[in-house]
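In case you want the letters, here they are:
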Amino acid sequence: RKEVEQDPGPFNVPEGATVAFNCTYSNSASQSFFWYRQDCRKEPKLLMSVYSSGNEDGRFTAQLNRASQYISLLIRDSKLSDSATYLCVVSNTGGFKTIFGAGTRLFVKA
Amino acid sequence: EPEVTQTPSHQVTQMGQEVILRCVPISNHLYFYWYRQILGQKVEFLVSFYNNEISEKSEIFDDQFSVERPDGSNFTLKIRSTKLEDSAMYFCASTPTTPSGSNQPQHFGDGTRLSIL
């Protein structure tokens, strides 16, 4: 089983749509969780940290289920500028090793 | 906003040559990381570094690779004898405090594209 697994997509959605991405991780001792976005040939940029209670930042909502080792990201009211690859990121205990998922590609079209 | 800077943005090197990639982390950050991303593939962890020593490294980070903080600001990745498969984008990242349990995200530089000929 991959350490961090994501549906590669691509997801093709119209502007204004709601889209959800899922991620599973294999190490039950993982401690910190994040969603990053990466534009083509650019560095990963933090979208949001993911907390056990779930958290929201504007149109973005992240959920963590430690029992199922599952993380999700919901994007509401998609914009053209949301087109990117979304990376699920997990840090191990101690946080010194960070594992990236392969990413889910999102295309938002007008 | 302070940022992580990496130089050069693009490095072209002959196979077998040594290469040094440079990073200047954000000034009050204490934890440093190197990642690589082969074109079309995922971001892969190479090494983390704290207090002048390696905290953790991946299977990729073999004897060809080394890291150093030669002064108070630079953090370097050296590849001793480059191979064709070392061609990739290399990202440096840093965090200010212990990553442990703090949900502390990493701040990434914009990368060095390494091309081995």
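Just so it is clear, the model here is predicted, and its values are computed rather than measured. (Residues numbered from 1 in each chain as written. Chains lettered and ligands numbered in written order. Predicted model: local features only at pLDDT ≥ 70, side-chain atom pairs only at ≥ 80, totals over all residues. Heavy atoms only, no water.)

## Remarks on the overall build of chain A
Counting secondary structure elements, chain A contains zero helices and 11 strands. Going from N to C terminus, chain A has its helices and strands arranged as β-β-β-β-β-β-β-β-β-β-β. For 110 residues, the compact-globule estimate of 2.2 N^0.38 gives 13 Å, and chain A sits close to it at 13 Å. Principal-axis analysis of the C-alpha atoms places the extent of chain A at approximately 40 × 30 × 20 Å. The buried share among the 110 residues of chain A stands at 50%. Sequence separation of 24 or more characterises 56% of the internal contacts of chain A that already satisfy a separation of 6 or more. Side-chain charges of chain A comprise 13 positive and 10 negative groups, with the mean position of each set lying 4 Å from the other. (Helix = DSSP H or I, 4+ residues; strand = E, 2+ residues; numbered from the N terminus. Rg over C-alpha atoms; globule rule 2.2 N^0.38 Å. Buried < 20%, exposed > 50% of the residue type's maximum accessible area, 1.4 Å probe, protein only. Contact = heavy atoms within 4.5 Å. Lys, Arg positive; Asp, Glu negative; His and termini not counted. Charge placed at Lys NZ, Arg CZ, Asp CG, Glu CD.)

## Quick notes on the sheet that holds strand β8 (residues 70-75) of chain A
All names here are of chain A. Strand order in the open sheet made by the five strands is β1-β3-β8-β7-β6, with antiparallel pairing throughout. If you trace the sheet from one side to the other, it starts and ends with β1 (4-6) and β6 (55-57), each paired once. Direction aside, neighbouring strands of the sheet carry axes that sit 20 degrees apart on average. Sheet topology note: the β1/strand β3 (residues 19-25) ladder contains three bridges and is antiparallel. Considered in β3, the bridge of Val4 is made with Tyr25. (Pairing = 2+ DSSP bridges. Axes fitted to C-alpha atoms, helices over the stretch in contact; angles between N-to-C directions.)

## Quick word on the side chain of Ser78(A)
All names here are of chain A. Note on placement: Ser78 falls in the loop between β8 and β9 (84-91). Assessed through its relative accessible area of 1%, Ser78 is described here as buried. Engagement of the side chain of Ser78 in a polar contact is seen with the backbone oxygen of Ala17, the distance being 2.7 Å. Dropping the residues within four chain positions of it, Ser78 is found in contact with Val13, Pro14, Glu15, Gly16, Ala17, Val19, Arg59 and Val108. (Polar contact = N/O pair within 3.5 Å; in protein donor to acceptor, adjacent residues only side chain to side chain.)

## Points about the state of the cysteines
Residue and element names in this part refer to chain A. Taken as a whole, this structure holds two disulfides over all chains when the rule is applied. The side chain of Cys23 participates in a disulfide bridge whose partner is Cys88; the two sulfur atoms lie 2.0 Å from each other. Between Cys23 and Cys88, the S-S torsion sits near -75 degrees, and that sign places the bridge as left-handed. Taken together, the positions of Cys23 in strand β3 and Cys88 in strand β9 put the pair 65 residues apart, joining distant regions of the chain. (Disulfide = S-S within 2.5 Å.)

## Remarks on the packing of aromatic side chains
Enumeration according to the criterion identifies 18 aromatic pairs over all chains in this entry. Here Phe96(A) and Tyr31(B) contribute two aromatic rings whose centre-to-centre distance is 5.8 Å and whose plane-to-plane angle is 35 degrees, an arrangement assigned as tilted. Taken together, the positions of Phe96(A) in the loop between β9 and β10 (98-100) and Tyr31(B) in strand β4 (residues 31-37) put the pair across two chains. Taking relative accessible area as the criterion, Tyr31(B) reaches 8% and is therefore assigned buried. Aromatic pair Phe91(B) and Phe108(B): ring centres 6.3 Å apart, planes at 80 degrees, arrangement edge-to-face. Remark: Phe108(B) occurs in strand β10 (residues 107-108) and Phe91(B) occurs in strand β9 (residues 88-95); sequence separation between them is 17 residues. The exposure class of Phe91(B) is buried, given its relative accessible area of 0%. (Phe/Tyr/Trp six-rings, centres within 6.5 Å; stacked < 30°, edge-to-face > 60°.)

## A few points about the sheet that holds strand β3 (residues 19-24) of chain B
All names here are of chain B. Here four strands make up an open sheet; going across it, the order is β1-β3-β8-β7 and the pairing antiparallel. Pairing within the sheet leaves two strands with one partner each, and these edge strands are β1 (5-7) and β7 (65-68). Across this sheet, the average inter-strand angle for adjacent strands is 20 degrees, counted without regard to direction. Judged from the three bridges that link them, β1 and β3 form a sheet pairing that is antiparallel.

## Points about the pairing of strand β6 (residues 53-57) of chain B
All names here are of chain B. The pairing of strand β5 (residues 43-50) with β6 spans four bridges and is antiparallel. Looking at β6, one finds that Val47 is bridged to Lys57. Where β5 folds back onto β6 in an antiparallel hairpin, the turn is made up of two residues, including Asn51, whose phi is positive at roughly 55 degrees.

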